Amino acid sequence: MAGLWRCMLAVVMLMCVYLWDSAEAVGGAKSRPRPQRRPPKKPKITPIDLTQPEQDIDIERMLGTWYLLNTASKCSYLVNHGTKVEPTVITIARTATSNETLSVSTKTRHNHQCWEILQVYHLTSVPGRLTLKGSPPEQNIEIVIGDTDYNSYAIMYYQKQGKITMKLYGKSVDNLSEPLLTKFEELAAKQNLQRAYHFPFPTYSHCGDVDRDHVINCVPTC
């Protein structure tokens, strides 16, 4: 009989030990802090993301020829040697194959010769924002039409690899007025950019038809 009681006592003790260990395990699991989820990464904001296009931009009214009148940048070389930059003319047109792209011809002089660069700007879901696709995509140039009256001037922002440049274009080389230059400077100051040209842009020289050997065709891979 005593042996039976001892056996029953041993069983009870084992059960108590088992239940105690189980309670400790459960309690420990409950008290253990849950692993914290990493907060979602905030989207990377670049300078051009803070630049809003002209409201309800009409891309059709941007078509045609524009003359570079001034530029602003953080590039110290451009700021210090801006007067050495040759006049530049861009012509914007619709592409024949797609309504989602623009054909852009850029003509400028280099080493006393006329050069032409042919490119394609892609429209985006945001009116007034364009993309010049690079290879690889990290080389993309994001473009925003920041301010324009369509008839005389257009201020455009160009960003590549997080670095932004502002350019002031005119429908005529005579459109650079003091009020317009002041507006350009104020917008440049908001981006902490410095104006490259503190005097009227160098005189434009005719750069009409370009020799075929001096045409750089960046369509569609550049």
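Check the entry above for the structure.
Throughout what follows, the structure given in this document is the object of discussion. What you see is a predicted model; the values in this text were computed from it and never measured. (Residues numbered from 1 in each chain as written. Predicted model: local features only at pLDDT ≥ 70, side-chain atom pairs only at ≥ 80, totals over all residues. Heavy atoms only, no water.)

Concerning the environment of Asn 140
Heads up, the rule is: Under the DSSP-based scheme used, a helix requires at least four consecutive residues in state H or I and a strand at least two consecutive residues in state E, with every element numbered from the N terminus. Contact criterion: two residues are considered in contact whenever any of their non-hydrogen atoms come within 4.5 Å of each other. Two N or O atoms count as a polar contact when they lie within 3.5 Å, although within protein this holds only if one can serve as hydrogen donor and the other as acceptor, and sequence-adjacent residues are included solely when both atoms are side-chain atoms.
Mapped onto the secondary structure, Asn 140 falls in the loop between β5 (129-132) and β6 (141-148). C-alpha of Asn 140 to C-alpha of Gln 161: the two residues are 21 residues apart in sequence and 7.7 Å apart in space. Apart from the residues lying within four places of it in its own chain, the contact partners of Asn 140 are Thr 131, Leu 132, Lys 133, Gly 134, Gln 159 and Lys 160. A distance of 2.7 Å separates the side chain of Asn 140 from the backbone nitrogen of Gly 134, its partner in a polar contact.

Let's talk about the packing of aromatic side chains
What counts is decided by this rule: Stacked, edge-to-face and tilted are the three classes for Phe, Tyr and Trp ring pairs, Trp counted by its six-membered ring, which pair at centre distances within 6.5 Å; planes under 30 degrees apart are stacked, over 60 edge-to-face, the rest tilted. To sit over a ring, a charge needs its Lys NZ or Arg CZ within 6 Å of the ring centre and within 35 degrees of the ring normal.
Applying the stated criterion across every chain, the model contains zero aromatic pairs. Above the face of the Tyr 158 ring, Lys 167 is positioned so that its terminal group lies 4.9 Å from the ring centre.

Quick word on unusual backbone geometry
This is how the line gets drawn: A 1.4 Å probe rolled over the protein chains alone gives each residue an accessible area, and that area as a share of the maximum for its type sets the label: buried under 20%, exposed over 50%, partly exposed in between.
The step from Ser 135 to Pro 136 runs through a cis peptide bond, and the omega angle for that step is 10 degrees. A positive phi angle, close to 50 degrees, is found at Gln 161, a residue other than glycine. Tracing the sequence through the fold places Gln 161 in the loop between β7 (153-160) and β8 (163-170). What makes Gln 161 exposed here is its relative accessible area of 55%. Of note in this structure, Asn 192 is not a glycine but carries a positive phi near 60 degrees. Here Asn 192 is to be found in the loop between α3 (178-190) and β9 (194-195).

Notes on the pairing of strand β4 (residues 113-123)
The side chains of a regular strand alternate, first on one face of the sheet and then on the other. To keep things clear, this is the line we draw: Strand pairing follows a simple DSSP-based rule, namely that at least 2 bridges must link the two strands.
Where strand β3 (residues 101-110) meets β4, 10 bridges bridge the pair, whose relative direction is antiparallel. Following the sheet pairing, Leu 102 is matched in β4 by Tyr 121. Two successive antiparallel strands, β3 and β4, enclose a turn made up of two residues, where Asn 111 displays a positive phi of approximately 55 degrees. Sheet topology places β4 next to strand β10 (residues 215-217); three bridges connect them, and they run parallel. Along β10, the bridge assignment pairs Leu 118 with Asn 217. With two bridges connecting them, β4 and β5 associate as antiparallel partners. If you follow Leu 123 over to β5, its bridge partner there is Leu 130.

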